[in-house]
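Descriptive structure summary
The primary structure of each chain is shown beneath.
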Amino acid sequence: MTVSGRTSAEAESLRLKAILDSAVTGIITIDSEGRIETVNQAAERLFGWTASELIGRNVSVLMPEPYASRHDDYIRRYLATGERRVLGIGREVQGLRRDGTVFPMHLSLGEYSIGNEKYFTGIVYDLTEQRSIEARLDREQALSRSIFENLPDALVVSDPENVIRVVNPAFTRLFGLTEEEVEGQHCSILCEDAEDAKRFTTHADGFGPQQMQFRRRNGSSFPARAVHRPIFGSDGQRIGNLTLIHDITAEREQAAVLQQAQRMEAIGQLTGGVAHDFNNLLTVILGNIELLEPRLEDEFSRSLASEAREAAEMGARLTDRLLTFARRQRLEKRVIDLNEFVLSLTELLRRTIGSDVDLSTSLATDLWLTEADPGQVENAVLNLAINARDAMPNGGRLVIETRNAVLDADAVKLIPDLEPGDYVVLSVADTGIGMTPEVKARAFEPFFTTKGATKGSGLGLSTIYGFARQSGGNVTIYSEPNRGTTVNIYLPRAKQAQKKAEATVGEAVRPSRGETILVVEDDDRVRKLTAVRLEQLGYQVEQAANGQAALALLEQNSGIDLVFSDQVMPGGLSGLDLAAAVRQRFPKVGVVLTSGYSADLIGQEKVDGLGLKVLRKPYQQTELARVIREALDSRAAV
């Protein structure tokens, strides 16, 4: 070779090396024996070796096992058969650095020949950062998906025109609408009021939090707090909207319960103060009359003083009742058995309420003892029986019931100031005219009465309320116009001489088997809570607001295993009517009724005739689980 030829070749070699060293990816060439011929600077940085340390060594030094020990066999197989496994095909492999660390890399192989000798070129790209970014994105996506799917509030993602594109599972549970049903619809279809619907079109920059009325699939409405915010892309352009909807039905209900409790507390404090001052005045009046009476000589004067004394004594009894309401009266507590107490009063009650009222009792055989003032219990039973009689001018039924109740945190949410625990319940139920919601809201107020000025003092229920609260319990009323009234007195289980409870808060919940329960309840709040409690037990849940809607759902869905229905509902079909229709038209579907009323008032014969289970409100989760499971198992055994 001439000098000029050598110079040209050297220049070409230098030019090639400069090109290789300027490359950002690692480039390595090997011969047919796997020995390294050239290494560029990127490869040096990537593997942690210098070119002088690698040239002449087998390329397997850059590979972790098992690839290192197999590499030469790959080359020999290719040279012998021409079979391509990697050559000409880019693939992801693993590399081994000098410090022993293994990293992901992309490898592209090519070949070239010089004379009869074959050489191979490997172009290597480090994937460590890319895999780190992908792993971070995967984690972020998993986190976002977890938040999206488990967020308790309804979430709606819409496009810039507020057309719904995506909703989360909580949305389906709240509205009863699936993503497929709402996709492509405008957000305003979710609103009950036209003014609320306008917010989605008139507030371009979003809104919230705003209280709005929304509408479920079944047509019922509910209050919610909504936030509607725009979503911007990396270029600052608006790519959509996000709407978060938080149901505040329970908040409003609890706020109303709290407000009522505070109102009763304020009335109690006022009443207690007035009664205390009035007692002082009566003390002076009675004392002076007692001093005056012996000094009176004529019969007329003595009769006037006697009438004054009797009136003052009536006033004293009245203040005692006011003090009981205000929880400032001393209670003479004893451990008592309410069953024995009720039985001892039966004859007195029959004479009091008259023959046109049918009196019956339903007493728990395993009733716990309670600690209460016997005189106040007697007063409560007599007052409630008289109220029931007055509510049934044409006669009717009066049922006195006792039972044990184990109330958990869910069960006491709507009973103000009642702690979770064991209670003995005394219920007095009638088939009378019932109460309107307005009357029921004021029933415990002192001097409030609907009987007229000459028929009642308005202190009966208020006295019972004060006695129950001072005893550590409370009173609830279930009543609807023309459907009767049930008053439940909750008294704490006695701490002494307790009988062993058959049901405890910690009782194991029987597992579901994925069955589908249809909840039928006209009260949106109760229906939603019941659905959540059943879902927590592992059941699939469908919902209906009345009996007609329930029958329509049963016609459409053959997969419903059991109907869990309230007894008292609007629309012409009671729970019993619905149960009878289900038994006739869908005999394989189980039925459980729930009610605040006694089973005797619902119609025990009809309940037994239809083979129904009745769950009394309020109930705890273990009771719900047990009754539902028993009903499903008995259905399966038929």
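In short, a report on the structure. Since we're looking at a predicted model, the values are computed, not measured.

1. A short note on the packing of aromatic side chains
Working definition: an aromatic ring pair is given by the centre-to-centre distance plus the angle between the planes. According to the stated counting rule, one finds seven aromatic pairs in the structure shown. A centroid spacing of 4.6 Å and a plane angle of 25° characterise the contact between Phe171 and Phe175, whose relative ring orientation is stacked. A residue pair is termed a helical-turn pair when its members lie 3 or 4 positions apart in one helix, as Phe171 and Phe175 do in helix H6 (residues 169–175) at four residues. Each member of the pair Phe171 and Phe175 is classed as buried. Ring centres of Tyr423 and Tyr490 lie 6.4 Å apart, and the angle between their planes is 85°; on these two criteria the pair is classed as edge-to-face. Here the residue Tyr423 occupies a position in strand E15 (residues 421–430), and Tyr490 occupies one in strand E17 (residues 485–492), the gap between them amounting to 67 residues. One exposure class covers both Tyr423 and Tyr490, and it is buried.

2. Observations regarding the side chain of Gln567
Mapped onto the elements of the fold, Gln567 is located in the loop between strand E20 (562–566) and helix H17 (575–585). The class for Gln567 is buried, based on a relative accessible area of 9%. A polar contact is formed between the side chain of Gln567 and the backbone nitrogen of Leu576, at a distance of 3.0 Å.

3. Quick look at the sheet that holds E17
Taken in spatial order, the five strands line up as E12-E14-E15-E17-E16 in an open sheet, and their pairing is mixed. Either end of the sheet is taken by a strand with one partner, and the two such strands are strand E12 (357–363) and strand E16 (474–479). Each strand of the sheet is rotated relative to its neighbour by a mean of 20°, with strand direction disregarded. Pairing of strand E14 (residues 396–407) with E15 involves 10 bridges; the strand directions are antiparallel. Among the inter-strand pairings, Thr402 is bridged to a residue of E15, identified as Leu426. Docked against the sheet, helix H11 (residues 338–353) engages E12, E14, E15 and E17, running at close to 180° with respect to E12.

4. Some words on the side chain of Asp159
Its location among the elements puts Asp159 in the loop between strand E6 (154–158) and strand E7 (164–167). Residue class for Asp159 comes out buried when judged on its relative accessible area of 13%. Among the polar contacts made by the side chain of Asp159, one reaches the side chain of Arg165 at a distance of 3.1 Å. Those residues in contact with Asp159 that lie beyond four places of it in its chain are Arg165, Ile239, Gly240 and Asn241.

5. Observations concerning the pattern of salt bridges
Counted according to the given criterion, the structure contains 21 salt bridges. Here Lys528 and Asp247 are joined by a salt bridge, their closest N and O atoms 2.5 Å apart. A residue pair is termed long-range when its members are at least 10 positions apart, and Lys528 in helix H15 (residues 524–536) and Asp247 in strand E10 (residues 238–247) qualify at 281 residues. Accessibility expressed as a relative area gives 31% for Lys528, which makes it partly exposed. The buried category is assigned to Asp247, whose relative accessible area is 10%. Overlapping salt bridges, with partners in common, bring together Arg513, Glu515, Arg629 and Asp633 in one network.

6. Structural notes on the sheet that holds strand E5 (residues 117–126)
Reading across the sheet, the five strands line up as E2-E1-E5-E4-E3 and stay open at both edges, with antiparallel pairing between neighbours. On the outer flanks of this sheet lie strand E2 (36–39) and strand E3 (91–96), each paired with one strand and no other. The average undirected angle you get between the axes of adjacent strands in this sheet is 35°. Relative to E5, helix H4 (residues 67–81) is tilted by about 135°, and along the sheet it contacts strand E1 (26–31), E3, strand E4 (102–114) and E5. Sheet strands in contact with helix H5 (residues 128–150) are E3, E4 and E5, and its direction is about 140° off that of E4.

7. So, the pairing of E15
The element E15 is extensively covered by neighbouring structure, given that nine of its 10 residues are classed as buried. As defined by bridge partners, E15 adjoins E17 across eight bridges and the pair is classed as antiparallel. Looking across to E17, one finds that Asp430 is bridged to Thr485.

8. Here we look at the pairing of E17
Counting buried positions along E17 gives seven out of eight residues, so the element sits mostly inside the fold. Pairing geometry for E16 and E17, over six bridges, is antiparallel. Bridge pairing in E17 links Asn474 to Tyr490.

Cut-off values and rules
- Along each chain, residue indices are assigned from 1 in the same order as the chain's sequence is written.
- pLDDT decides what is reported in this predicted model: residues at 70 or higher carry local features, side-chain atom pairs at 80 or more are listed and counted, and totals for whole chains, interfaces and linings draw on all residues regardless.
- Processing note: side-chain calculations cover all non-hydrogen atoms of the structure and skip hydrogens and water entirely.
- Working definition: a ring pair exists when centres of Phe, Tyr or Trp rings (six-membered ring for Trp) sit within 6.5 Å. Plane angles under 30 degrees give stacked, over 60 give edge-to-face, the rest tilted.
- In this description a helix means any DSSP run of H or I spanning at least four residues, a strand means any run of E spanning at least two, and both kinds are numbered starting from the N terminus.
- Note on exposure labels: buried denotes an accessible area under 20% of the residue type's maximum, exposed denotes more than 50%, and partly exposed covers the range between, all computed with a 1.4 Å probe on protein chains only.
- Residues adjacent in sequence count toward polar contacts only when both atoms are side-chain atoms; beyond that, a polar contact is any pair of N or O atoms within 3.5 Å, and within protein one must be able to donate a hydrogen and the other to accept it.
- Strand pairing is assigned whenever DSSP detects at least two bridges linking the two strands.
- Between the N-to-C directions of two axes lies an angle of 0 to 180 degrees, each axis being a line fitted to C-alpha atoms and, for a helix, fitted only over the stretch in contact.
- We call two residues contacting when some pair of their heavy atoms lies within 4.5 Å.
- Any carboxyl oxygen of Asp or Glu within 4 Å of a side-chain nitrogen of Lys or Arg constitutes a salt bridge here.

Distances and angles like these do not, on their own, reveal function.
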